[in-house]
Amino acid sequence: MKIDEKSLKGARELCALGKYGDAKRIYAEILQNDPKDLNGLLGMIRIASQNYTVYDGQEIEKAIAAARTAAGWVGKVSDREYDDYAAYAVGRRDASARREAYLKAHAGDFVIQGGVLKEYKGTDSEIYIPDGVREIGAKVFRFKRTLARVMISDGVEKIGSYSFAHCEKLQEVTLPDGLSMLDAGVFSGCTSLEAIRLPQTLTKMDAYAFKDCKALTEVELPASVKEIGQGVFEKCSPQLKVRVAAGSASFYIKGNCLIGKQDKKLYWAGDKFAIPSGGEAECIYCGAFTGRENLRSIAIPKGVKTLDLVAFKDCTALEEISLPKGLEKIGVEGFRNCKSLRRLVIPSTVKEVGTDAFKGCESLKSILAPEGLSLIHCNRPAGCFVSRK
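This is a predicted model, so every value here is computed, not measured.

Draft legend 1. Quick peek at the overall build of the protein. Helices and strands together make up the secondary structure of the protein, namely five helices and 24 strands. Within the span of the protein, comprising 389 residues, buried residues form 48% of the whole. The contacts of the protein with a sequence gap of at least 6 include a subset with a gap of at least 24, amounting to 27%. Carbon and sulfur atoms form 47% of the exposed surface of the protein, whose accessible area is close to 18,500 Å².

Structure representation (structure tokens):
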């Protein structure tokens, strides 16, 4: 169900008319989408108390007290569920009070111009982004090494490039509904960030958004995401679980690989991956395997036409790779610093090998390449013999 003000207004009106069963169905659908949605939680308490008029800001405690004296949950909701809803609602109220107190005490830490947060002067480990901010500017919090928790306010639609880059202690970020874009490198180098919830309004994640987030364990791409930049998960742990929400028209998961439906790019491969064959993945995109230190061998299936720039860069344990007939391009720095790679057979269909494709491949002794393929700029190591076929 799409959560919008019209639906919420309808549920409140149903409560006012005493049609609690119909209202409960609306709130239940909201909670099915997000079990911690405040509107859904308050709605369930509203139904329990059978009194919708008391739900205004500071009156929440009064509302909970009223619910506790009600005859029981409408629709046979358990006491435990009630306690969960009530406790969460109180927690949200307490969090709201903390936020107000923080912003009052730290108003001078934020420089805001025309709705854009330009500078942060503080050193706190926990911060709240002030109201009225539509955009967090580029590099505002970069290298804030004490920052551990960030609560971003509703109304923020864009987070600028490298805003939180290299905040090494950052563990928790709350992103608001309404956010549409994560710019390049937003959380790159946030090595303590373990999980993040992406809002259902997000449409674009630019290049390197989560690069080097080595502790990141789980990410779900909302169906709203239409565009992902290069290297968005570059050098994340192979144990990272990337999921795609149902209904996505742009991406899907197969063989533990994240693949674009239209561009047929493979953006990320997790542990125990299997690259789909038959042309489902035509391009191993930038950063898909970069820095995969435990990767020892790989067979690229038929249908793959391009190994993009730095596709296998810094795969230092890679000893063997099988390239398919039909491959057309090996990108810039495609195998750079693959220090264990000993031999490579380049298919006859390859027309281009990028600059520094084999730079730092110190164990590479033999390349079998098609006649006429230029390897002048690939920077193969001294002593690497090239034979032609």
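Draft legend 2. The arrangement of the nonpolar core in detail. Membership of the largest hydrophobic core comes to 57 residues, with the highest contact counts inside it found for Ile129, Ile136, Phe141, Phe164, Phe187, Phe210 and Phe233. Secondary structure elements with two or more residues in this core: α5 (79-105), β2 (116-120), β3 (126-128), β5 (149-151), β10 (218-221), β12 (241-244) and β15 (265-269). Ile136 has contacts with Leu117, Ile129, Phe141, Ile152, Val156, Lys158, Ile159, Gly160, Ser163 and Phe164, leaving out every residue within four places of it along the chain. In terms of nonpolar packing, the next biggest core, distinct from the first, is built from 39 residues, Cys257, Leu327, Ile346 and Cys384 among them.

Draft legend 3. Layout of the environment of Glu282. With respect to the helices and strands, Glu282 occurs in the loop between β15 and β16 (283-284). The exposure class assigned to Glu282 is partly exposed, which follows from its relative accessible area of 27%. Along the chain, Glu282 and Gly303 lie 21 residues apart, while their C-alpha atoms are 5.7 Å from each other. Glu282 has contacts with Lys264, Gly303, Val304, Lys305 and Thr306, leaving out every residue within four places of it along the chain.

Draft legend 4. Highlighting the sheet that holds strand β6 (residues 158-159). Pairing within the open sheet is mixed, and its seven strands lie in the order β1-β2-β4-β6-β8-β9-β11. The sheet terminates laterally at β1 (110-113) and β11 (227-228), the two strands that pair on one side only. Alignment of strand β9 (residues 204-205) against β11, held across two bridges, turns out to be parallel. Bridge assignment links Lys204 to a residue of β11, and that residue is Glu227.

Draft legend 5. Quick look at the side chain of Arg336. Secondary-structure assignment places Arg336 in the loop between β20 (329-330) and β21 (343-345). Reaching out from Arg336, the side chain makes a polar contact with the side chain of Glu333 at a distance of 3.0 Å. Residues contacting Arg336, with those up to four places away along its chain left out, are Phe312, Lys313, Asp314, Asp356, Ala357 and Lys359.

Draft legend 6. Representation of the sheet that holds strand β22 (residues 352-353). Overall, mixed pairing links the seven strands, which are arranged β13-β14-β15-β16-β18-β20-β22 in an open sheet. Since the sheet does not close on itself, it has two edges, and those belong to β13 (251-254) and β22, each with one partner. Bridge analysis of β16 against strand β18 (residues 306-307) gives two bridges, and the strand direction is parallel. In the strand pairing of β18, Ile284 is matched with Leu307.

Draft legend 7. Geometry of helix α2 (residues 20-33). The end-to-end C-alpha distance of α2 is 20 Å, a good match for the 20 Å that 14 residues give at a rise of 1.5 Å each. Buried within α2 are the following residues: Tyr20, Ala23, Lys24, Ile26, Tyr27, Ile30 and Leu31. Angularly, the buried residues of α2 cover 160° about the axis, an arc narrow enough to put them on a single face. Seen from the open side of α2, the exposed residues pointing more than 90 degrees away from its buried face are Arg25 and Gln32.

Draft legend 8. Representation of the pattern of salt bridges. Tallying each qualifying case throughout the model produces 21 salt bridges. The closest approach of N and O atoms between Glu172 and Arg149, which form a salt bridge, is 3.0 Å. Placement of Glu172 in strand β7 (residues 172-174) and of Arg149 in strand β5 is noted, with a sequence separation of 23 residues between them. A salt bridge links Glu220 to Arg243, with the shortest nitrogen-to-oxygen separation between them at 3.3 Å. Residue Glu220 is located in strand β10, and its partner Arg243 is located in strand β12; the two are separated by 23 residues in the primary sequence. According to the relative accessible area criterion, Glu220 is partly exposed, its value standing at 35%. Each member of the salt-bridge network shares a partner with another, and the members are Glu126, Arg149 and Glu172.

Draft legend 9. Representation of the packing of aromatic side chains within the structure. By the definition in use, this model includes 15 aromatic pairs. With a centroid separation of 5.6 Å and 15° between ring planes, the pair formed by Phe164 and Phe187 is classed as stacked. On the criterion of sequence distance, the pair formed by Phe164 in the loop between β6 and β7 and Phe187 in the loop between β8 (181-182) and β9 is long-range, its members being 23 residues apart. No difference in accessibility class separates Phe164 from Phe187, as the two residues are buried. On the basis of an interplanar angle of 10° and a centroid distance of 5.1 Å, the ring pair of Phe289 and Phe312 is categorised as stacked. Of this pair, Phe289 sits in the loop between β16 and β17 (297-299) while Phe312 is found in the loop between β18 and β19 (320-322), placing the two residues 23 residues apart along the sequence. Like Phe312, Phe289 is buried. Between Lys211 and the ring centre of Tyr208, over which it is positioned, the NZ or CZ distance is 5.2 Å. Between Arg292 and the ring centre of Trp268, over which it is positioned, the NZ or CZ distance is 4.8 Å.

Conventions adopted
- Residues numbered from 1 in each chain as written.
- Predicted model: local features only at pLDDT ≥ 70, side-chain atom pairs only at ≥ 80, totals over all residues.
- Heavy atoms only, no water.
- Helix = DSSP H or I, 4+ residues; strand = E, 2+ residues; numbered from the N terminus.
- Buried < 20%, exposed > 50% of the residue type's maximum accessible area, 1.4 Å probe, protein only.
- Contact = heavy atoms within 4.5 Å.
- Areas by Shrake-Rupley, 256 points an atom, 1.4 Å probe, with all protein chains shown as cover.
- Core = buried A, V, L, I, M, F, W, Y, C linked by side-chain atoms within 4.5 Å.
- Pairing = 2+ DSSP bridges.
- Polar contact = N/O pair within 3.5 Å; in protein donor to acceptor, adjacent residues only side chain to side chain.
- Expected span 1.5 Å × (residues − 1).
- Arc of directions from axis to C-beta.
- Salt bridge = Lys/Arg side-chain N within 4 Å of Asp/Glu carboxyl O.
- Phe/Tyr/Trp six-rings, centres within 6.5 Å; stacked < 30°, edge-to-face > 60°.
- Lys NZ or Arg CZ within 6 Å of the ring centre and 35° of its normal.

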